[in-house]
Amino acid sequence: MTKRTKEILNRLDTAYGTDFICYLNHDNAWQLLIAVILSAQCTDARVNIVTKDLFVKYDTLQKFADADIAELEQDIHSTGFYRNKARNIILCARRLIEEFQGEVPSDLSDLTSLAGVGRKTANVIRGNIYNDPSIVVDTHVKRISKRLGFTKESDPEKAEYDLMKVLPKDHWILYNMQIITLGREICTARNPKCGECFLSDLCQAEDKKC
DNA sequence: AACTCGGGGCA
DNA sequence: TGCCCAGAGTT
């Protein structure tokens, strides 16, 4: 690890601490799974608004499996792509019950075989529920790993593997969450708050507006 | 690689 | 009112 990388990681720790942060509200694994499915192309803040009521109305996995699709579509409407998501959530709930004894699987290929669960969603589940070292590559991570020069590629898989090389393995998930926090709060896609950024002197972004 | 699947927030 | 934001699946 280069001295610069070490400095970046130290500052992330200083700024955000070593407490694990999950931005999606949930009480258990299946709730997190549904919350992450809803979070596709949608902000975590909005997902939390929707799931607050959703998990009261549908308080068991079975209720999602038995849900009326038109009604569920309305319940999750504001998260966008609601027809796909409602169908996927119902299919997911049924498969969890029928094939996984009502549990959320930990295996990556099992997870990505579920409707509406892609690589990002699967890695969120693995990191949050099973503490499996895997890098969540969402658009925050893609953007920041590029701005920090951890990857020059726009390919998400490339970003994931580049970050895996850069970040210490025993802190993958923690640094991953810290980077996502930086992306949400400071290093935003548009109009990043470079004046407030504790990494601005180490930033390699061509589009930075410091 | 390119397309489709919607809605919320903001200027 | 038009632009930007946020993943998964299919062809």
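Note that this is a predicted model, so its numbers are computed, not measured.

*Asks:* Could you give me a rundown of the UniProt feature "binding site: [4Fe-4S] cluster" (unreviewed entry) in chain A, with the residues and numbers involved?
*Replies:* According to UniProt, the positions carrying the feature "binding site: [4Fe-4S] cluster" (unreviewed entry) are C187, C194, C197 and C203. In sequence the annotated residues extend across 17 residues, while in space they remain close, none of their C-alpha pairs exceeding 10.5 Å. Inspection of the secondary structure assignment puts C194 in the segment after helix 11 (172-185). Accessibility expressed as a relative area gives 11% for C194, which makes it buried. Note on C197: relative accessible area 16%, which makes it buried.

*Asks:* Now, about the protein's contact with DNA strand B: what can you tell me, with residues and values included?
*Replies:* If you check the shell around DNA strand B, you find Q41, R46, H77, S78, T79, G80, F81, Y82, R83 and N84 and nothing else. Backbone atoms, meaning sugar and phosphate, form 53% of the atoms of DNA strand B found within 4 Å of the protein. Contacts to DNA strand B include Q41, whose backbone N or O atom sits 3.1 Å from a base nitrogen. It is helix 6 (residues 82-99) that provides the largest number of residues to the surface near DNA strand B, a total of 3 residues. Counted by class, the surface near DNA strand B contains 2 nonpolar, 6 polar and 2 charged residues.

*Asks:* Residues and numbers for the domain arrangement of chain A, please.
*Replies:* For chain A, the assigned domains are domain 1 (3-20 + 135-202) and domain 2 (29-129). Placing a centre on the C-alpha atoms of domain 1 and another on those of domain 2 gives a separation of 27 Å. With 10 residues of domain 1 in contact, the opposing surface of domain 2 contributes 7 residues. Buried surface at the junction of domain 1 and domain 2, both sides included, amounts to about 640 Å², of which 51% is carbon and sulfur. A salt bridge links R119 to E160, with the nearest nitrogen and oxygen atoms 2.7 Å apart. Our count for the contact surface shared by domain 1 and domain 2 stands at 4 residue pairs in polar contact (both at pLDDT 80 or more). Among the elements of the structure, helix 10 (156-166) and helix 11 are those that each provide at least two residues to the side of domain 1 that touches domain 2. The element best represented in the side of domain 1 that touches domain 2 is helix 10, accounting for 3 residues.

*Asks:* Would you mind going over the packing of aromatic side chains in detail, with residue names and values included?
*Replies:* All chains considered together, the criterion is met by 5 aromatic pairs. Relative to F64, the ring of F55 lies with its centre 6.2 Å away and its plane at 80 degrees, an arrangement referred to as edge-to-face. The exposure classification of F55 matches that of F64, with both residues buried. Here the aromatic rings of Y58 and F64 are separated by 4.7 Å at their centres, their planes lie at 20 degrees, and the arrangement is stacked. For the pair shown, Y58 and F64 are each scored as buried. Its guanidinium or amino end placed over the ring of Y23, R184 lies 3.8 Å from that ring's centre, counting from NZ or CZ.

*Asks:* Would you mind going over the protein's contact with DNA strand C in detail, with residue names and values included?
*Replies:* Within the structure, DNA strand C sits among 17 residues, and Q41, G116, K120, T121 and T139 are positioned closest to it. Within 4 Å of the protein, the contacting atoms of DNA strand C are 60% sugar and phosphate, with bases supplying the remainder. Note that a phosphate oxygen of DNA strand C is positioned 3.3 Å from one of the backbone N or O atoms of V117. Of all elements in the fold, only helix 8 (119-129) and helix 9 (139-147) reach the threshold of two or more residues within the surface near DNA strand C. Here the surface near DNA strand C takes 3 residues from helix 8, the largest share from any one element. For the surface near DNA strand C, the residue count by class is 7 nonpolar, 5 polar and 5 charged.

*Asks:* Pulling in residues and values, what's your account of the pattern of salt bridges?
*Replies:* Enumeration over the complete set of coordinates arrives at 9 salt bridges. Salt-bridge contacts for D59 lead to K63; the nearest nitrogen and oxygen are separated by 2.8 Å. The exposure class of D59 is partly exposed, given its relative accessible area of 41%. A salt bridge links R126 to D132, with the shortest nitrogen-to-oxygen separation between them at 3.6 Å. With relative accessibility at 14%, the residue R126 sits in the buried group. What makes D132 partly exposed here is its relative accessible area of 25%. Each of E7, R11 and D201 takes part in a single network of salt bridges with overlapping partners.

About the thresholds
Residues numbered from 1 in each chain as written. Chains lettered and ligands numbered in written order. Predicted model: local features only at pLDDT ≥ 70, side-chain atom pairs only at ≥ 80, totals over all residues. Heavy atoms only, no water. UniProt positions renumbered as here; feature names shortened; annotations may be inferred. Helix = DSSP H or I, 4+ residues; strand = E, 2+ residues; numbered from the N terminus. Buried < 20%, exposed > 50% of the residue type's maximum accessible area, 1.4 Å probe, protein only. Near = heavy atom within 4 Å. Polar contact = N/O pair within 3.5 Å; in protein donor to acceptor, adjacent residues only side chain to side chain. Nonpolar A, V, L, I, M, F, W, Y, C, P; charged D, E, K, R; others polar. Domains from an automatic or database assignment. Contact = heavy atoms within 4.5 Å. Buried area = accessible area lost by both parts, 1.4 Å probe. Salt bridge = Lys/Arg side-chain N within 4 Å of Asp/Glu carboxyl O. Phe/Tyr/Trp six-rings, centres within 6.5 Å; stacked < 30°, edge-to-face > 60°. Lys NZ or Arg CZ within 6 Å of the ring centre and 35° of its normal.

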